[in-house]
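# Working through the structure, step by step
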Amino acid sequence: MNPVLYWIDRLSALASGSAVWGVFLAGAVIYLIAEWRIRLLAFLAQYFFIGILFTRLFSERPEMALLKTLVGWLVCGALYLSARIRQDAQERQAVFHWAADLPFRAVALAMMTVVAYLAAQRYALPFVTGELALTTFLLVSLSLLFIGTEQDVVIVGIGVLNLLTALDIFYSVQDPGLLVAGLLIVVSLLASLAISYLTVVEVAE
Amino acid sequence: MILPGPLVIVAVPLAMAVVLQLLRYWTALMAWLGAATLVLIGSLVLLAPLDDAWQVANLTVEFGRPLVILGRRLVLQPFDQLVIAFLFFTTGGLFLVAWRLLPHSNFFPVGLMIVALLAAALLVEQVVYAALLVEMAAILTVFPLHEPSSGAAKREEITSAVGGMRYMVYTTLALPGLMITQLFLDLFAIFPNDQTLLNTAAVLLSISFAILFGAIPFQNWLSRVALDGSPPVVTFIFTVNLGAVWFMLLDYLRTYPWLAEQVPLARLFLWLGLLMMVIGGLLAAAQRQLGRLVGYATLVDNGAMLLALSTQQVEGVALATLLLIARPLSLALMTLGLQGLRRLDGGADTYLTLKGAAWRAPWRTFAFLVGGISLAGFPISLSFVARWGLYQLLAQEEFTWALLSLSGSVGVMWGLVRSLRVLLKRPPPVERPVGARLEEDRIVLVLMLLLILVILLLGFFPQSVSRMVYQMASWYTIF
């Protein structure tokens, strides 16, 4: 084995357990804190952890994991720009504050996390390792929370992107071919563009 | 140089999309060029013999020859010809409708890209790629759906991006189901004794298509898109995008014929279709916003299509396709009317704001009503012919089902009659002064009259269309 690949494999094996909970923690920050800059920073961190998990998936081709992380950060950049434009148009001072109805959110997040954890224990996804299965279920839970309980276009959009990432992880295990991986990257990029557009278009009107 | 047909079908609209993007300043040129491209390729697809070649200068186009990309094949099959022609002609027609309504719009270039993606989705052999391409097309639709108005059409309107967001969210929710279904079905082909794989695949497939069709309880996106979106683009989503989804469902059933045999899909379609028609009819009857009425009328129509498929007969597939072909005419007319009525009062379409609007925009009111009557499946329209055939097929099995499905159409009609009463009401001048009459664009007026004429003509003489549709349906040997 190529020594670079060997060390990447070793490092990712060490970090992947923490990366799963890193994905969850980043999602929790997005859900519980209402300041858009912190939310997008957490989303950026979430893609970093997802990148680590992708190196487990593409152990022979770490450049694919790097590509997925870079695309994720590009998505974060697009969302940042549109959120910034919206912030400027609203002329409101951005200050740190917790999301409204915090107790409800905390309980909902806890419940969905337990459901995801139990689902990962109980339902074995074909050919998917335990860590990746837990990540997939956690991402699906987070996306359902974002889509189902948020009004903000950016956060609902992050839910959509989380769902696409969960699908990407699950499907890449089944079919590690380049075409599906490439098409899923295009879908994520298009989705992020559409989310940015929708964020700005309400301001433009 | 030999070009495979699928390359021409997909690449030419994409190339033209780039050209149209450069011509955004000239709306008429964009609309006509886009429409001409689509009509030309649509005609070629419809008329091209699949076992022969077309010679153009040094180029030879073989429509039957597959296009291979990284080992995946895109092939034009006989049953795809009419489907792709339908998508191209409908989009071309909608470009002409949008010509006067959406100046400098990105609907024209983006519409070409979407239709190219949908054509690729229908041509590709593996359904997993079809699902991904349909998802991409759905995401792209968001851009023209919520495009800020410009130029002469700029108005102080109440806008919200919720409709586009919901459409994208629901389509994305359907995507995992569609992709995983294929995986499970392929596994079932290897392990035919594992019934769990088949059952899971059937459940995932049903939920995914229910979401994409806006079936109960996922109907929310249909009404919201109709409420928030730009009318011509709403028609595009409800006809072209939903049409592609419909044919993708037929593709799934054709690719995995044992799915329909081993899982009671017909029963599922029957109850889902009935539920959509009955609930859709009730919701349409209770609406107080014209945009939502359009959404629920489409829900009823989608339910009728699923019901037709549940009959497990070639006639059923033909009737569903006939409904789909009739839909762009009805919806285009309805949304032309809606667009004018919305312009009267800053984009609002509630009963409160549209009281007496018929006196200020008589032609738009007439267009909305005729389109609505046609979409509801009442005489005299092509939809009526299809719905009548559907009631007859259902009555042969169970008379109650025919009555229940009829109630959906009655609900939509009830909503239209309520709307008409509001539109015709003259508000007391003290309470609300009557606004100025809508200045009608003559070209839009001609378009509306043309659409009314085509609806009536096809309603009186449906034979030519129904014959063509029956021939196409007979290629889908699902049942």
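This is a predicted model, so every value here is computed, not measured.

### With respect to the layout of surface pockets
Roughly 860 Å³ of volume is contained in the largest pocket. As for the largest pocket, its lining consists of 27 residues, of which F137(A), V140(A), P176(B), I180(B) and L204(B) are closest to the centre. Those elements that place two or more of their residues in the lining of the largest pocket are helix 4 (102-122), helix 5 (130-149) and helix 6 (153-174) of chain A together with helix 6 (162-190) and helix 7 (195-213) of chain B. If one sorts the elements of the lining of the largest pocket by residue count, helix 7 of chain B sits on top with six residues. Residues that form the lining of the largest pocket fall into these classes: 22 nonpolar, five polar and no charged. Space inside the second largest pocket adds up to approximately 650 Å³.

### Some points on the interface of chain A and chain B
Facing 31 residues of chain A, the contacting portion of chain B comprises 34 residues. Carbon and sulfur atoms make up 84% of the area that chain A and chain B hide from each other, which totals about 2900 Å². Counting across the chain A and chain B interface gives zero salt bridges. Inspection of the region where chain A meets chain B yields one residue pair in polar contact (both at pLDDT 80 or more). When residues of the side of chain A that touches chain B are traced back to their parent elements, those giving at least two are helix 5, helix 6 and helix 7 (178-204) of chain A. A total of 16 residues in the side of chain A that touches chain B trace back to one element, the largest contributor, which is helix 7 of chain A. Split by residue class, the side of chain A that touches chain B holds 26 nonpolar, two polar and three charged.

### Digging into the packing of aromatic side chains
Under the counting rule described, the total for this entry stands at 22 aromatic pairs over all chains. A network of ring pairs unites the aromatic residues F95(B), F107(B), F108(B) and F236(B) as a single cluster.

Parameters and conventions
- Residues numbered from 1 in each chain as written.
- Chains lettered and ligands numbered in written order.
- Predicted model: local features only at pLDDT ≥ 70, side-chain atom pairs only at ≥ 80, totals over all residues.
- Heavy atoms only, no water.
- 1 Å grid on protein atoms, 1.4 Å probe; cavity = no way out; pocket = protein on both sides within 12 Å on 5 of 7 lines; lining within 4 Å.
- Points joined across faces, edges and corners; volume = space filled by probe spheres on them.
- Helix = DSSP H or I, 4+ residues; strand = E, 2+ residues; numbered from the N terminus.
- Nonpolar A, V, L, I, M, F, W, Y, C, P; charged D, E, K, R; others polar.
- Contact = heavy atoms within 4.5 Å.
- Buried area = accessible area lost by both parts, 1.4 Å probe.
- Salt bridge = Lys/Arg side-chain N within 4 Å of Asp/Glu carboxyl O.
- Polar contact = N/O pair within 3.5 Å; in protein donor to acceptor, adjacent residues only side chain to side chain.
- Phe/Tyr/Trp six-rings, centres within 6.5 Å; stacked < 30°, edge-to-face > 60°.

All quantities given are derived from atomic positions and should not be read as evidence of function.
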